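Single-letter residue listing:
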Amino acid sequence: MKKYKEVSIDPTTQKMYERAQEMGIETVWERLEKQQPQCGYGLLGVCCRNCMMGPCRINPFGGEPRRGVCGADADTIVARNLLRMIAAGAAAHSDHGRHVALTLLIAAEMAEKFKKEGKPVLELDNMASSTLPYQVRDVEKLKAIAERLGIETEGKTVRELAKEVAEVALNDFGKQDEEALAFLKAYLNPKTYEMFEKAAEKAGMPWFENGILPRSIDREIVESLHRTHIGTDHDPVSILLHGLKTSLGDAWGGSLIATELQDVLFGTPQVIKAEANLGVLKEDYVNIVVHGHEPVLSEKIVEAAQDPELLELAEKLGAKGINVVGMCCTGLEVLMRHGIPIAGNFLQQEMAIVTGAVEAMVVDVQCIMPATVDVARCFHTKIIDTSPLATFPGAIHIKFDERRADEIAKEIVKTAVENFPNRSKVRVEIPKEKMAGYVGFSVEAILKHFGGSLKPIEEAIVEGKIKGVAGLVGCNNPKIKQDHNHIKIANELMKRDVLLVGTGCWATAAMKYGIFLPEYADTENVGPGLREFVKEWGIPPALNMGSCVDCTRILVLADLVARDLNVPISALPVVGSAPEAMTEKAVSIGTYFVASGITTHLGIVPPVLGGPKVVKILTQDLYDIVGAAFIVEPDPYKAAKLMYDHIMKKRKELGI
Ligand code: NFS
């Protein structure tokens, strides 16, 4: 068994981990230990299970077997496995984006139907009617998106625009022509677009029509599966080029659609102060943890928790109220838009249950451990699964339907409230620690803060006050002490005057240690130039840009700077990092950062080392193809140095 200090730097995780050990509850760290030693072939990526002649594995030391039964060598196998990871990650993000687009369409169509039934027309035309399950909260943004897409906005109602934008978005998922995605064309600067067009030719594969420009989000994912089927694509270069293309369909398609249309439906985040860590759970309240990724559900839970009838019921059952808190990315969504506190990141999902104070953990999709059900059995906690595509054995199933969103959300909250009397008060132990921070830095909020343009940031970069910008993203991974690398890399970069922007479980980590407070600039972890800049502008030295699909906010920001300077994104002194990456989604994000021109560090070695050609392509050749590549370095100090060196190289190339 591990010592509590080995698993995390977070005091709340340490305490709850110790408590779990005392209670004999198995957690992620014990399960990881039981997996040791992990399969060496799997770690190197040289195991192939793509057909039933196998499974095959290649001898990583150069001896026999050098080929699988079909003749595939290590590089082919490694590249194919990596492409399947990218495809799965892109699928997860993009299917989320599809759900959001469908929600917008459903709401617009319901408004049309209600109008025909004679309900108040103006409210329905404005998509503001409370009879609709979802309204349009940011009309300005809807118009801005429509304009970018080239949709005529003059004389149209909000309802009409919502429908048209949703249709263009949905068309990007399944269109069959060779043109690039409509959303990509609407958002990407011409110089980077040109790089995508020419990338395959540069890699010696001119038969890739339109280079690595994605044609349709679903098509690239399907083609990934097709290419990696036995006997199809065997060249690591073409397999990886298609990986770039698929990931770009995620970045400038699926994820972008998710972020943009969520802003339309739920409001574009604005700067707001909130709190993070397990200390946000409240002893005398009904605690509901919303966990997963899709705000289409969590938004409604937040609303239902304010329902007077349910509040009254909670009081009747002895609670002071209903406390909704977040976990993982769905937590970040409601944090960014409403300042709902976030209880933790990926490795804290079991820890939250171990407090004994959670009435319900309401889950949708992605990054939810099936083990939550087992941990919950030791307490009164109910795990409620809600997505028709994610069912947890042993959980309560209350499946969500956008058309009946309010009704279902109330049922879920009621189930949680009614569970309050089952809580054993003597078994409750909530760690005290929590931290405040400023969140809500959407691109729109950043622009507003800087008076409408990014000039102040750009000037500070040119002057050298800020050396560059780093986008820090991604998960926790129990192979790394929780949050350790997130925070070390963040500090090492800020010390070198690099401004941070970030998302996902990195952002929750940063918030827990105070990095999203402007006062953090007074610590020794922030260099003098960055300190001066953030003090002048009254911002923290790191900006929380949201959930993982919101990595597209980082891309849109980089795109704006690239436009201002009339260069491709790859020319900018910008780097990315996923210090504690874990999911296939993180692999897709890393790939689309690189494909978009942002050199990206990975703190966990992905399963590619068994393919030397693949490693060379990913870490070197891609510089010539897309102007960026991967840096793989588990040591956070060395990683920060390498990222900084890259920023300085880019500065030199720009002549600043
Ligand atoms: Ni991102 Fe969100 Fe966290 Fe990793 Fe999972 S929550 S989408 S994948 S673990 S950062």
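Definitions and limits used
Residues numbered from 1 in each chain as written. Predicted model: local features only at pLDDT ≥ 70, side-chain atom pairs only at ≥ 80, totals over all residues. Heavy atoms only, no water. 1 Å grid on protein atoms, 1.4 Å probe; cavity = no way out; pocket = protein on both sides within 12 Å on 5 of 7 lines; lining within 4 Å. Points joined across faces, edges and corners; volume = space filled by probe spheres on them. Helix = DSSP H or I, 4+ residues; strand = E, 2+ residues; numbered from the N terminus. Nonpolar A, V, L, I, M, F, W, Y, C, P; charged D, E, K, R; others polar. Domains from an automatic or database assignment. UniProt positions renumbered as here; feature names shortened; annotations may be inferred. Contact = heavy atoms within 4.5 Å. Patch = residues over 30% accessible without salt bridge, like charges linked within 9 Å, V, L, I, M, F, W, Y side chains within 5 Å. Areas by Shrake-Rupley, 256 points an atom, 1.4 Å probe, with all protein chains shown as cover. Salt bridge = Lys/Arg side-chain N within 4 Å of Asp/Glu carboxyl O. Donors = N, O, S within 2.8 Å, 3.2 Å for Na, K, Ca; no water. Tetrahedral: all angles 85-135°; square planar, octahedral: opposite > 155°, others 65-115°. Buried < 20%, exposed > 50% of the residue type's maximum accessible area, 1.4 Å probe, protein only. Pairing = 2+ DSSP bridges. Near = heavy atom within 4 Å. Buried area = accessible area lost by both parts, 1.4 Å probe. Polar contact = N/O pair within 3.5 Å; in protein donor to acceptor, adjacent residues only side chain to side chain.

A. Here's a closer look at the layout of surface pockets. Roughly 1200 Å³ of internal volume is contained in the largest pocket. In terms of lining residues, the largest pocket is bounded by 46 residues, among which Gly 42, Met 85, Lys 479, Met 582 and Pro 607 are the most central. Of all elements in the fold, only α3 (28-34), α4 (40-44), α5 (74-116), α25 (584-595), α26 (612-626) and β16 (630-632) reach the threshold of two or more residues within the lining of the largest pocket. For the lining of the largest pocket, the element with the highest residue contribution is α25, accounting for five residues. Among the residues making up the lining of the largest pocket, the classes are represented as 29 nonpolar, twelve polar and five charged. Taken domain by domain, the makeup of the lining of the largest pocket includes at least three residues from each of domain 1 (81-266) and domain 3 (437-654). A volume near 270 Å³ is recorded for the second largest pocket. In terms of lining, the second largest pocket is formed by 14 residues, of which the most central are Lys 141, Ala 144, Arg 148, Glu 260 and Glu 444. When contributions to the lining of the second largest pocket are tallied by element, the ones reaching two or more residues are α7 (139-148), α19 (443-449) and α24 (551-565). When residues in the lining of the second largest pocket are grouped by element, the largest group, six residues, is from α7. Taken together, the residues of the lining of the second largest pocket break down into seven nonpolar, no polar and seven charged. Structurally, the lining of the second largest pocket is a two-domain feature, drawing no fewer than three residues from each of domain 1 (81-266) and domain 3 (437-654).

B. Representation of the UniProt feature "binding site: [Ni-4Fe-4S] cluster" (unreviewed entry) in the protein. As recorded in UniProt, the sites labelled "binding site: [Ni-4Fe-4S] cluster" (unreviewed entry) are His 293, Cys 329, Cys 367, Cys 475, Cys 505 and Cys 548. Sequence-wise these annotated residues cover 256 residues; spatially they are packed, their C-alpha atoms never more than 13.1 Å apart. From the list above, the second largest cavity is lined by His 293, Cys 329, Cys 367, Cys 475, Cys 505 and Cys 548. Looking at the element boundaries, Cys 367 is found in the loop between β7 (360-363) and α17 (371-377).

C. Here's a closer look at the environment of Ala 74. The topology assignment puts Ala 74 in helix α5. Taking the C-alpha atoms as reference points, Ala 74 and Gly 62, separated by twelve residues in sequence, lie 10.0 Å from one another. In contact with Ala 74, other than residues within four places in its own chain, are Val 46, Ile 58, Arg 66 and Gly 610.

D. Main features of a nonpolar patch on the surface. Where nonpolar side chains cluster on the molecular surface, the patch consists of Val 605, Leu 609 and Val 632 and spans about 220 Å² of accessible area. Of note, Leu 609 is situated in the loop between β15 (599-602) and α26.

E. Looking closely at the coordination of the nickel atom of the ligand. Protein coordination of the nickel atom of the ligand is limited to a single donor, Cys 548 (SG), positioned at 2.2 Å. Coordination at the nickel atom of the ligand is irregular, judged from the four donor atoms that bind it and the angles of 91 to 160° they form at the metal. Residue placement: Cys 548 occurs in the loop between β13 (542-546) and α24.

F. Here's a closer look at the pairing of strand β12 (residues 498-503). With six of six residues buried, β12 lies mostly within the body of the structure. Both faces of β12 are covered, namely the face carrying Val 498, Leu 500 and Gly 502 and the face carrying Leu 499, Val 501 and Thr 503. Of the pairings in the sheet, the one linking strand β11 (residues 468-472) to β12 comprises five bridges and is parallel in character. Following the sheet pairing, Val 469 is matched in β12 by Leu 499.

G. Structural detail: the site of the ligand. Taken together, the neighbourhood of the ligand is formed by His 293, Cys 328, Cys 329, Phe 346, Cys 367, Gly 474, Cys 475, Cys 505, Cys 548, Met 582, Thr 583 and Lys 585. Its residues placed into classes, the shell around the ligand shows eight nonpolar, three polar and one charged. Shared between two domains, the shell around the ligand holds at least three residues of each, these being domain 2 (284-427) and domain 3 (437-654).

H. Fine view of the domain arrangement of the protein. The domains assigned to the protein are domain 1 (81-266), domain 2 (284-427) and domain 3 (437-654). Each of domain 2 and domain 3 was reduced to a C-alpha centroid, and the two centroids are 32 Å apart. Listed by partner, the interface residues are 16 residues for domain 2 and 27 residues for domain 3. When the buried surface of domain 2 facing domain 3 is broken down by residue, Met 336, Asn 345 and Leu 347 rank first, second and third, together holding 40% of it. In this assembly, domain 2 and domain 3 are joined by zero salt bridges. Linking domain 2 with domain 3 are eleven residue pairs in polar contact (both at pLDDT 80 or more), by the criterion used here. Elements supplying a minimum of two residues to the side of domain 2 that touches domain 3: α15 (328-338) and β6 (342-344). It is α15 that contributes the most residues to the side of domain 2 that touches domain 3, seven residues altogether. Looking at the side of domain 2 that touches domain 3 residue by residue, the class counts come to nine nonpolar, five polar and two charged.

I. Representation of helix α20 (residues 455-463) in the model. Looking only at α20, the buried set comprises Pro 456, Ile 457, Glu 458, Ala 460 and Ile 461. Contact partners of the buried residues in α20: α19, β11, β12, α23 (528-537), α24 and α27 (636-654).

J. Geometry of empty space enclosed by the protein. With the rule as written, the count across this model stands at five cavities of 30 Å³ or more. By volume, the largest cavity amounts to about 170 Å³. Lining the largest cavity are 17 residues, with Val 469, Leu 557, Ala 558, Val 561 and Val 574 sitting closest to its centre. Going through the elements one at a time, α20, β11, β12, α24 and β14 (574-578) are the ones with two or more residues in the lining of the largest cavity. Here the lining of the largest cavity gets four residues from one element, more than from any other, and that element is α24. Here the lining of the largest cavity is composed, by residue class, of 15 nonpolar, one polar and one charged. Of the volumes computed, that of the second largest cavity is approximately 110 Å³.

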